Each structure stands twice: as C-alpha cells, then as structure tokens.
There are 2 protein chains.
Amino acid sequence: MKPQIAKGTRDHLPADMALRESVTAAIKSVFERYGYEPLETPAIERIDVLTGKYGEEADKLIFRIIKRGEAGERGAVDLGLRYDLTLPLARVVATNRDLPLPFKRYQIQPCWRADKPQKDRFREFIQCDVDCVGSASMLADAEMVAITCDCLNAVGFERFRVMVNHRKILAGLEEYAGVPAELGPTAMQAIDKLEKVGLKGVRKELADRGVPKGAANKLLSVLEISGEPTQVLDDVEGLLENSDIGSEGVAESRELLKYLEISGVDKANYEFNLWMVRGLDYYTGPIYETYIDEPKVGSISGGGRYDGLVGLLAGQDVPATGTTIGLERIVAVLEITGRSVAAPTRVSVLVTVFDESTLGESLAVARDMRAAGITCDTFMKPDVKLGKQLAYAEARGIPFVVVVGPDEAAAGAVQLKDMAKREQKEVPKTKLAEVLLTEHGC
Amino acid sequence: MKPQIAKGTRDHLPADMALRESVTAAIKSVFERYGYEPLETPAIERIDVLTGKYGEEADKLIFRIIKRGEAGERGAVDLGLRYDLTLPLARVVATNRDLPLPFKRYQIQPCWRADKPQKDRFREFIQCDVDCVGSASMLADAEMVAITCDCLNAVGFERFRVMVNHRKILAGLEEYAGVPAELGPTAMQAIDKLEKVGLKGVRKELADRGVPKGAANKLLSVLEISGEPTQVLDDVEGLLENSDIGSEGVAESRELLKYLEISGVDKANYEFNLWMVRGLDYYTGPIYETYIDEPKVGSISGGGRYDGLVGLLAGQDVPATGTTIGLERIVAVLEITGRSVAAPTRVSVLVTVFDESTLGESLAVARDMRAAGITCDTFMKPDVKLGKQLAYAEARGIPFVVVVGPDEAAAGAVQLKDMAKREQKEVPKTKLAEVLLTEHGC
C-alpha cells in the first residue's frame, strides 16, 4: 500500500514546530496578560449542537462522524468535528450556568472544515480564540481589537489594519436601500466580495442574486463611503435616521471607537469599513477582520459580537464577543517573509557512544547534562563509527557534540565539538554543563 | 433544545487547565531533555491507513468520518479519527523518507476511541508519546523506561513499577506450552487478565477460548515465575532453549536489563512480568506498562517495540520503539490525591472601573500592568457598584484588585486590595507594578 496523509491536512515536523510553538506562546501570553484564561473543549460535538448555527454554506463543511452500532451501518450520523471554537464556547456557557460572568476565556485548538483544499487553506487548522461572554459593553469589543493589535505586534507585525463594521449598521443599510428582507443574507454575501471583485463586480453579484436595481444602486453608493472611522459614521448616520436598528448600530459603533481611543489603540491600525460583512450567521453587533499590508494572504484574524448564539443553546441570551487570531496565516506569513528565526532543533547536545565498554560513561554524561537542564540526545547504538554519529548530529542540526571515548573516559574528560565552528576542545567532565551553559548559551 | 456535550468527552475549564498544563509541561520538558523533538500530525487519517494495524477489537473503536459528496450520502467512509499516535508516526516516517534516523520525536495530542464511556475512560484523551524510530538497539528501549521514570518523578510520583516483558518471549512460551498457532492471540488476551482475575480465572479463560488443557497447564505454571528481573529470565531461559524466537527474546531482554542498570534507572521502579501482554497487534519486542502503587487506576503509561509497523506502510521495515505517558490518568491521580497545588486562576489582578469619566484611567493602569508582564483583567462595564466588581474577582479567585476611583485618579494613586488578606493600601500609580511584582510575587 502507498500510505498517504489525509487530503488538506499537514504534518508538522520538528523544524515547523519551533515556529508554530513560538507564535502560539506569544499569542497565549497576550491573552493571559489581558486576564483571559484557558479552556479546552472536545474536538467532537453532537451533530444537533453543531448544525443550524453557522449558516447553510458552513453547515455543509462540517465533517460528520458515523454513529456507533447498527444505526451507523445504515449511515446515521450523531457527531461532527467542531467547525470553530465559538459554538463550543457557547455550549460550555449553556451547560455550565455557574461560571462567573463575564467568562473571559481563550482557546487554542484545531478546527476542521471539509473545504476544497487549496494553497494556504487546510481542512485542519489551529485557531486562537479569545472571547468575553456575559458583557454587552462595547468595552469588551474594544478589548478584542486591542488584543488583536497586541497579538500581531507580539509576533512581529507592524503594518496591519483591523477593519471594523457593525451588523446592525448593515441591517440598517438594507432597510435604507430597500433590499427585500429575504434577500438580506445573499445581498450581504455580494457586498462582502467588494475587495475581490470591485464595485462593478458587486453590482453584477447583486443583480445575479435578484436584488432589485434601485436597492442595489443605493447599497452601492453607500459602499463608496470611506475615510476616518468617525467620518464614515457621520456620513452613514444621516442615511440611517429612519432605521432603528441602523441608528443603534451607529451609536454602538461610536461608543466602540471612543473606547478604542481611550484604550490607546494606534489609529493607524483600524478602519471602519461598511462593506466588511463576515460570513457567519451568528454575528449581531460589531464585527472585525484584520489584514496585513504585505504579503496579501487573506484575513489574519476575525470575529465579532454574537449576542444570540448562547441563547440558541441555553434558551436565554447571554451577550458575547470574541475574535480568532489565525495561527496558520501568521505562520505562513512569517515563513514567506523569512522572519522566522527559530533554530532547526531545540536539542543542544548529542553525546556519542564509543562501544559497549564506555556506554555507561556516555549515559552518565547525558544524565548530568539533563540534570543541568540541557537538552541532550545520546547516540542509540554502540560500535558505530564516530563519523556516522557526527553526520547524524549534522543532519538534525544539533549544535554541539560531546565525544566520550576510552581515553577521555580514563582522563575524566570529554571532547566538546562545536559543529558550526568546527572546533573541538577537551573539557573536564565536571565542568561540561557549566561550559555549555555559560560559554555556549545552551 | 437542551445542549449536551458529546458522550464520553469533557470540557476542561480554566481551573482544570492549570493542572493539565503543568503536567504537560513537566512531561514535555523530560522528553526534550532526552533530545526528543515535537511532532504534530492531523487528527484525521485516511481510513485505509488507520485500519488493519491494531487488531480487530481496536479497529471497531475507530471513529469513522463520512466521505464528502454523494458517496457519503450512501454512508461511505474515507477518514477516521486517529486511535493512537504510533500509527500516525509510522505514516510520517513512511512518507518522509529523508528524515535523519533515528527519528526521535515526541507528540502530545488527543486520540479518540469509541469505547463504552466509563469512569476515567474517555472517548477523547490526550496522549504523550515519545518514540525512537530507526534504532534496533535495546538502548532505545532502555531509554523509554528511563524517560518513563523521569516523567513520573517530574509529576511527583515516587512509588511506581514499570512492568517489562518481551513479545518474543511470549511467542516462545506459546511454542513451549504447545498452544496451537491460531490460538496464540486469544491465549495472550487470557494471560493479560492475570492481575484482574487471578490464576484460576486465567485457567477458565484459556479453556473458554479453546486452548488445550495440557498447553494451558504449561502456560499457567510459567506465569507463576516471579522475582528479580534477572532471576525471571534465568528461570524462563531453560524452558525456551528449543525456541529460537524465545531465546532471542531472552537475550534481548538481558541486554535491556543491562542497559537499564548502566542508565542508572532505580531498580525499585521496574520488574519483569511474564504475564504482561499489552493489547495491540503491532508490538514485536520489549513491551512496557507502568502502574503506581496507590491509588489503583490502571496503567499510567505503556508502550513497546514495533519493528514491523513502519514496514506495513512503507514496504520496508524500520525498527522502532516508544511509549505513551497517560496524561489523563496522571491528572486523575493528582486530583484524587490532592497533590494539585495549581492556583485556580493565572490572572493576578482585576482593575475596577468606576464610571465613564475614569475609564481611561482604569485602562491605562491595566496597560501598564500588562506591559510589566502582569496578567490583568479590567471590569467590562462602567457604572457597576464596586461591591459587584469585587464579588466578580472573588468568584474567579483573582488575588488582587486595583480600585481606580475619581479621588485616586486625581491623586495619581490607586487602592490595592489583597483579596485573601482582606487588606487595602494606597499605592502611587507609578509604583504599582513594582509593588505587585516584588511584594506580592505577581
């Protein structure tokens, strides 16, 4: 048989893991500094919990698991792989009514989507979510934007834009333009394509989806509004004066902008974009999506307020907002831009093995290194030529090799080889850990 | 609807996560000190890769995922959730032929088994695997036992026993006893129950499974052999002198014991147990399984050599050995014995918010704390009574509250409340981070 990895998935070999772990640690550290705490939920959720919350398109992308036993043999499904981390969070809040609210949690775990695999789009990917459940205040939304900026700074990005919009403003604009209610969702999907297809393209999309020409024209003219965030709101406010929901959206957005300012979020890092929609059904308030200037890789993070989602599960609404930092996209960018400086291995030392008679010496040296906190491998076979052992260290990128031979063993010393500098020196066994730690930064 | 978590799975709320993360970090650190490097593989594998390697019983426990598209509607399956981390590793080695061997990797990820859920047995659980692929030396097996001992020490266990046995000795004993070849696997399953059902129980099991009485008697008499590991091997050696495979098993086991000794593994921590079998089909050499003395919770770790598994996938055998440290069992024991000392939260400080006018002050104080590396939450709503904000900190177990009121703001100071001691003092804003870091260990 020819073994194959599942389509659209990847292995992360040790050399990849170094970068992935350093990015994850940076994001986790920002989340924790803001007072968020870790949560983990199962990868599998009941299919009735998973479906019917994201929207039709997304529901199709849920991986479905066959029920155990006879029903399963007839193709019945009772479980699915989680599609995001937001719905599992809502389920946790719905099933743990005694959590102190606001429940501020972060969650760094994989999600699965049966998407058509393509470049930089995978069927399994890690999401880094941070959410505040139980606060209706725009302060919580502002915190999401502040956290996003801090996370991107922490991984070394400086030039990026958090796009902000508000679902209530979008609803108001549909009222204003006279989009028939039943066409609201599809009209939004058309608008969402503005950056990709331009105004002309959106006009065609709206027509294709059956949005009346008059309504489409009014929508399109709104999409041309741009400028400073407060200016955008000033411009849109007049259009929405007859829409209750639209006016509410403007007022909340003003509050959000005020909180962003007093939170000290850099104005260069956020915009207000009326055409930014986001795909999922469950958003009800401010929404955010982040892009870096270079290279072009799609959104780096995204999220928003979803005040109704917990209610769908719990029967009682709990206001909530949150965002996802896209680990995979960040790692991809760092790889493209070569900003990854992680070492190829975290193993500092390989201890060689001469033969059976000196094996005890080699193992003792390794034990001493480990006790000193130095990561240390030993060669796994006696009586292999030194050259082969050195080649193995070279192949793995291990920077130091400690040669323990019979002469050295007798003299209570070892040979310490610096693989990069191709230098070698004799070091007394009792000084080895100290030399590695202080002189070589192990 | 009543939202429910999937049967046999658990959420890990922040209070659980503290312990889980500290145990994981301790194990990871031991793996790295021995020169092992991290690998992650996808949760989903192709069903043809997953099945046919573990044995019939295990294959039944694989969660099966429905194929996308029309074939799926007819119940076709193309993917499954990984059952363990060993097979994915074998697939990685089979599909990455340029890995420097031995490939020494660790992998800490969840696995899924559609087992009947029961106390302390879950359908999703984290495994911590460490494996050495590409070395046939018993040195690699000895390292697995040494790593197991170091991991258990690192999480605070002192009294435990790694049981060691050898599949080739078991095969030899079947030859010696005259167990018909086709009954070999089922005879092993009977023997594996010795600790649970006793010698009498095993006798019945063997009879039920059709093992001839003469063969069963010979097997049972061997199971009574016990004592020091070398003594057990001495006793069994004579019985196996006519079995090539059995003699090979004895010779390799002697080598393994010698390496354990020169590796400095404490003799109190390992035994040689002829009746320890392990369930999976793929083992070919030494096998190990670890139990703690108290409380009784099943095996804490287990593994063995599987020289044929990579070959099943790659067409060419690559010798390999490894072990799994059972995170879930360790965490369960630490919870039972109350040895968990992790704090209920890693959030050190809550900054209160008085009203809209002082909100900027509160956010600035929080920003300063975070810049100093202090984990710091801010209350998510202005104009909430101080008592409610303190109650929230109390409920989350946050140890310090910084009260920022209008008087304090004017004076450039804050009130620092120690929630445990119920003490409060005024601190200049500029000194706050220093006081928290140096006087309160934040």
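Each value, and the rule that gives it
- Residues numbered from 1 in each chain as written.
- Chains lettered and ligands numbered in written order.
- Predicted model: local features only at pLDDT ≥ 70, side-chain atom pairs only at ≥ 80, totals over all residues.
- Helix = DSSP H or I, 4+ residues; strand = E, 2+ residues; numbered from the N terminus.
- Rg over C-alpha atoms; globule rule 2.2 N^0.38 Å.
- Contact = placed C-beta atoms within 7 Å.
- Expected span 1.5 Å × (residues − 1).
- Buried ≥ 20, exposed ≤ 12 C-beta atoms within 10 Å, placed from the backbone.
- Pairing = 2+ DSSP bridges.
- Least-squares fit on C-alpha atoms with pLDDT ≥ 70 in both.
- Domains from an automatic or database assignment.
- Nonpolar A, V, L, I, M, F, W, Y, C, P; charged D, E, K, R; others polar.
- Axes fitted to C-alpha atoms, helices over the stretch in contact; angles between N-to-C directions.
- Core = buried A, V, L, I, M, F, W, Y, C linked by C-beta atoms within 7 Å.

### Examining the overall build of chain A
On a plain count of helices and strands, chain A comes out with 18 helices and 16 strands. Against the globule reference of 22 Å for 442 residues, chain A gives a C-alpha radius of gyration of 28 Å, more extended than a compact globule. Considering only C-alpha atoms, chain A reaches an extent of 90 × 60 × 45 Å along its principal axes. Contacts spanning at least 24 positions in sequence make up 67% of the contacts within chain A whose residues lie at least 6 apart.

### Quick word on helix α6 (residues 138–154) of chain B
Over its 17 residues, α6(B) extends 24 Å from the first C-alpha to the last, a length consistent with the 24 Å expected when each residue adds 1.5 Å. Once α6(B) ends, the next one or two residues include Gly156(B), with phi positive near 100°.

### Considerations on the pairing of strand β10 (residues 301–305) of chain A
Residues and elements named next belong to chain A. In terms of burial, β10 is a largely internal element, 5 of the 5 residues being buried. Residues Ser-301, Gly-303 and Arg-305 line one face of β10 and the alternating positions Gly-302 and Gly-304 line the opposite face, and both faces are buried. Sheet topology places strand β9 (residues 286–292) next to β10; 4 bridges connect them, and they run antiparallel. Residue pairing across strands places Glu-289 opposite Gly-302, the latter belonging to β10. Relative to strand β11 (residues 320–326), β10 runs antiparallel, the two sharing 5 bridges. The residue bridging Gly-303 from the neighbouring strand is Thr-323, located in β11.

### A word on unusual backbone geometry
Following Leu101(A), the chain continues into Pro102(A) via a peptide bond in cis, with omega recorded as -5°. Counting through the fold element by element, Pro102(A) comes out in the loop between α5 (86–95) and β5 (103–112). Residues Glu294(A) and Pro295(A) are joined by a peptide bond in cis, for which omega reads -15°. Within the element layout of this structure, Pro295(A) appears in the loop between β9 and β10. At Asp383(B), a residue that is not glycine, the phi angle is positive and equals roughly 60°. Looking at the element boundaries, Asp383(B) is found in the loop between β13 (376–378) and α16 (386–396). At Arg422(B), a residue that is not glycine, the phi angle is positive and equals roughly 50°. By secondary structure assignment, the location of Arg422(B) is in the loop between β15 (413–418) and β16 (423–428).

### Here's the deal with the relation of the copies chain A and chain B
The transform that puts chain A on chain B rotates by 180° and translates by 0.0 Å along the axis, for an RMSD of 0.0 Å. Here the copies are linked by what is in effect a two-fold axis. Counting the interface residues of chain A, we find that 100% of their copies in chain B are interface residues as well, pointing to one common contact surface.

### Regarding the domain arrangement of chain A
Taken domain by domain, chain A holds domain 1 (14–43 + 82–336) and domain 2 (349–437). Between the C-alpha centres of domain 1 of chain A and domain 2 of chain A there is a distance of 52 Å.

### Overview of the environment of Lys196(B)
Topologically, Lys196(B) is positioned in helix α9 (residues 194–208). In the structure, Lys196(B) is positioned 61 residues away from Ser135(B) in sequence and 34 Å away in space, judged by C-alpha atoms.

### Details of the interface of chain A and chain B
With 75 residues of chain A at the interface, the matching set in chain B holds 75 residues. Looking at side-chain class alone, the side of chain A that touches chain B contains 38 nonpolar, 14 polar and 23 charged residues.

### Quick look at the sheet that holds β11(A)
Residues and elements named next belong to chain A. Strand order in the open sheet formed by 8 strands is β1-β5-β6-β11-β10-β9-β7-β8, with mixed pairing between adjacent strands. Of all the strands in the sheet, just β1 (37–38) and β8 (270–272) have a single pairing partner and so form its edges. Taken together, the 7 bridges between strand β7 (residues 160–166) and β9 define a ladder with antiparallel strand orientation. In the sheet register, Val-162 faces β9, and the bridge partner there is Thr-290. The sheet strands contacting helix α1 (residues 14–33) are β5, β6 (124–133) and β11, and the helix crosses β5 at an angle near 155°.

### Points about the environment of Val403(A)
All names here are of chain A. Tracing the sequence through the fold places Val-403 in strand β14 (residues 400–403). Residues Val-403 and Arg-370 lie 33 residues apart in sequence; the distance between their C-alpha atoms is 16 Å. For Val-403, the contacting residues outside a window of four places in its chain are Thr-352, Leu-386, Glu-408, Val-414, Gln-415 and Lys-417.

### Describing α5(A)
Residue and element names in this part refer to chain A. Extensive coverage of α5 is indicated by the burial of 9 of its 10 residues. Among the residues of α5, Thr-86, Leu-87, Pro-88, Leu-89, Ala-90, Arg-91, Val-92, Val-93 and Ala-94 are the ones counted as buried. Each element contacted by the buried residues of α5 is listed here: β2 (44–46), α2 (47–50), β5, β6, α13 (309–314) and β11.

### A few points about the nonpolar core
Core analysis: the largest hydrophobic core is formed by 273 residues, its most contacted members being Val145(A), Val349(A), Val402(A), Val145(B), Val349(B) and Val402(B). Not counting chain neighbours up to four residues away, the residues in contact with Val402(B) comprise Val349(B), Val351(B), Thr352(B), Val365(B), Val414(B), Leu416(B) and Leu432(B).

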